[in-house]
Amino acid sequence: MIKIEPVTDYTPCHALRRAVFIEEQGIPEPEEWDDLDDQAIHLLATDNGTPLGTARLIRKGETGKIGRICVAKSARGTGLGAALVRDACARFEEMGCTRAYLSAQSYAIPFYEKLGFVPYGEDYDDAGIPHRDMEKPL
């Protein structure tokens, strides 16, 4: 059974991020880790205790930023990524946020559009990967 919940020990979130961003996508390790982890809410998706996906939530006033969204290879295409984003938006709404935004890898823009996000601004490079900011009213 899939469960998505906030965790205070985000070691499994880091393991997922390492596997997806550093090992699969080749993002340099120093670019993946920053000082925002200690300020964030970390969502962890598990199936019978096995970590399968994660997202990092940071609130900035009435805006919630969803970042570091990743899903293990074995769980891709199952709807888990969409469930993580929906869960994050619901949590931000409960906190009183009126807007959610994220930085999407360009190839993933259609995925986020299906979840109600709209691209804005120009494309930009982040860790060697084209990105574009997207937002959604809550």
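For the structure itself, look to the data block above.
1. Focus on helix H1 (residues 11-24)
Between its first and last C-alpha atoms H1 spans 18 Å; for 14 residues at 1.5 Å apiece the expected length is 20 Å, and the two agree. At Arg18, H1 shows its maximal kink, close to 30°. Once H1 ends, the next one or two residues include Gly26, with phi positive near 75°.

2. Section: the packing of aromatic side chains
Applying the stated criterion across every chain yields a total of two aromatic pairs. A ring pair is formed by Phe111 and Tyr112, whose centres lie 4.9 Å apart and whose planes are at 75°; its orientation type is edge-to-face. Relative accessible area serves as the criterion here: at 9%, Tyr112 is assigned to the buried category. On the numbers, 6.3 Å between centres and 75° between planes, the contact of Tyr112 with Phe117 is edge-to-face. Taken individually, Tyr112 and Phe117 each receive the classification buried, so the pair is uniform in this respect. Taken together, the ring pairs connect Phe111, Tyr112 and Phe117 into an aromatic cluster.

3. Brief notes about the environment of Ala40
Looking at the element boundaries, Ala40 is found in the loop between helix H2 (29-32) and strand S2 (41-47). Relative accessible area serves as the criterion here: at 16%, Ala40 is assigned to the buried category. Not counting the four nearest positions on each side in its chain, Ala40 is found in contact with Arg56, Leu57 and Ile58.

4. Let's talk about the pairing of strand S6 (residues 118-126)
Side chains on a regular strand alternate between the two faces of the sheet. When S6 meets strand S7 (residues 129-137), the two strands line up antiparallel, connected through six bridges. For Tyr124, the partnering residue across the bridge sits in S7 and is His131. Linking S6 back to S7 in an antiparallel pair, the connection comprises two residues, with Ala127 at a positive phi of about 55°.

5. What about helix H3 (residues 80-94)?
Helix length check: H3 (15 residues) gives 21 Å between terminal C-alpha atoms against 21 Å at 1.5 Å per residue, within 8%. For H3, the full list of buried residues reads Leu80, Gly81, Ala82, Leu84, Val85, Asp87, Ala88, Cys89 and Phe92. Just beyond H3, the residue with positive phi is Gly96, at close to 95°.

About the cut-offs
- Each chain has its residues counted from 1, following the order in which its sequence is written.
- With pLDDT at 70 or above as the cut-off, local features in this predicted model cover only qualifying residues; side-chain atom pairs require 80 or more to be listed or tallied, and sums for whole chains, interfaces and linings still use all residues.
- Side-chain figures throughout are based on the complete set of non-hydrogen atoms in the structure, without hydrogens or water.
- Helical segments are the DSSP runs of H or I of at least four residues, strand segments are the runs of E of at least two, and each set is numbered from the N terminus.
- What a helix is expected to span follows from its residue count: subtract one and scale by 1.5 Å.
- Fitting axes to the seven residues ending at a residue and to the seven starting there, one defines the bend at that residue as the angle between these axes.
- For Phe, Tyr and Trp, where Trp contributes only its six-membered ring, two rings pair if their centres lie within 6.5 Å, and the inter-plane angle classes them as stacked under 30 degrees, edge-to-face over 60, or tilted in between.
- For every residue, the accessible area obtained with a 1.4 Å probe (protein chains only) is divided by the maximum for its type, and the residue is called buried under 20%, exposed over 50%, and partly exposed between those limits.
- Contacts are assigned to residue pairs that have any heavy atoms within 4.5 Å of one another.
- By definition, two strands form a pair when at least two bridges between them are found by DSSP.

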